[in-house]
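Each chain, letter by letter, is given below.
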Amino acid sequence: MGWLSPGILVSAAAGLLLIGAFVVIERRSSDPLMPPGLLANPNLITGVAIAFMFMATFGSVLYFLSLYFQEVLGYDALQTGAAFLVPTAVVVAGSTVAGQLVTRFGLRRTLAAALAVGALGAVAIGFAISPDGTYIELVPGLVVLSIGDGVVFTAMFIAAATGVPDRQQGIASGIASTGSGAGAAVGLAVLVLVATAGLDGLSGEQLRIATADGIRTALFVVAGGIALTFLVAVRRCPTPSGPGPVPVPYQTRRC
């Protein structure tokens, strides 16, 4: 449609007006859904930033792997679903132990280590992707990426809830979940542009090869995004004074 088409301009203007209306309503409400004062908590802002980047990077990998399995390797839907069993199991395991890791090593160290591991995993997957690649070649990278994925997913909610009063824990978790949802939309949009650059006019075997190359490039960009998130975690991540309860994410994660 083009950036200057009426549909795009009207949608953008409507979005800005709705955001403005939300801010006005929340400031005037006696019991706001998102208390403005809560946003003054730097820990929450850091947690939201990490959640945004998490879904923009880790959360986008599943989409590109689905394309790779079906459009490049020729898997059917059932085979593609089965290919995600290994990374899913590792993500669940990582999420399960994340709270224990935070208690033992601290939030900042746990997040930084998990993000570093995730970046290495994304790079490994990128190198393994090729028009003639196999699933076995992907497994090491999938396992490493999924370890970081599971730990970061839990730890980022701990970061968002640090220093937040008990009665506002649910609100903080909801704000972090909203940030992750926005990150998923923005990150995938940007990465699709990266992955599909140069595909116009191609078909057949040329399209299959170019698709693999584009997905590989997108995975390297994902690794770069995770590295940026690592810097945010190292510089801005809160360090709780003592162990506390691990907050339950407001929103069930979409697999």
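Since the structure is predicted, the reported quantities are computational estimates derived from the model, not experimental observations.

Reading the values: the criteria
- Residues numbered from 1 in each chain as written.
- Predicted model: local features only at pLDDT ≥ 70, side-chain atom pairs only at ≥ 80, totals over all residues.
- Heavy atoms only, no water.
- pLDDT = per-residue confidence, 0-100.
- Contact = heavy atoms within 4.5 Å.
- Phe/Tyr/Trp six-rings, centres within 6.5 Å; stacked < 30°, edge-to-face > 60°.
- Helix = DSSP H or I, 4+ residues; strand = E, 2+ residues; numbered from the N terminus.
- Buried < 20%, exposed > 50% of the residue type's maximum accessible area, 1.4 Å probe, protein only.
- Salt bridge = Lys/Arg side-chain N within 4 Å of Asp/Glu carboxyl O.

**Here we look at the confidence of the model for the protein chain**
As a general rule, the predicted coordinates of low-pLDDT regions are not to be interpreted in detail.
Here comes step 1: Taken residue by residue, the protein chain gives an average pLDDT of 91. The fraction at 70 or more is 93%.
Here comes step 2: Per-residue pLDDT stays below 50 along residues 241–246; that stretch engages in four contacts with residues further than four places along the chain or on separate chains.
Here comes step 3: Overall, residues 250–255 carries pLDDT values under 50, and its contacts beyond four positions in sequence, including any with other chains, amount to eleven contacts.

**Focus: the packing of aromatic side chains**
Here comes step 1: In total, this model carries nine aromatic pairs according to the counting rule given.
Here comes step 2: An angle of 65° between the planes, with centres 5.1 Å apart, marks the rings of Phe 127 and Phe 220 as edge-to-face. One end of the pair, Phe 127, is in helix H5 (residues 107–128); the other, Phe 220, is in helix H8 (residues 204–236), and 93 residues separate them in sequence.
Here comes step 3: Between Phe 153 and Phe 157, the ring centres sit 5.5 Å apart and the planes meet at 80°, which makes this aromatic pair edge-to-face. Placement of the pair is Phe 153 and Phe 157 together in helix H6 (residues 135–161), with a separation of four residues, close to one helical turn. By the burial criterion, Phe 153 is buried, and Phe 157 matches it.

**Some details on the pattern of salt bridges**
Here comes step 1: In the structure shown here, the tally under the stated rule is three salt bridges.
Here comes step 2: A salt bridge links Arg 208 to Asp 132, with the nearest nitrogen and oxygen atoms 3.8 Å apart. Of this pair, Arg 208 sits in helix H8 while Asp 132 sits in the loop between H5 and H6, and the two are 76 residues apart along the sequence.
Here comes step 3: You can call Arg 208 buried: its relative accessible area is 19%.
Here comes step 4: A salt bridge links Asp 213 to Arg 216, with the shortest nitrogen-to-oxygen separation between them at 3.0 Å. Of the two residues, Asp 213 and Arg 216 both sit in helix H8, three residues apart, roughly one turn of that helix.
Here comes step 5: Of the residues examined, Asp 213 reaches a relative accessible area of 31% and is grouped as partly exposed.

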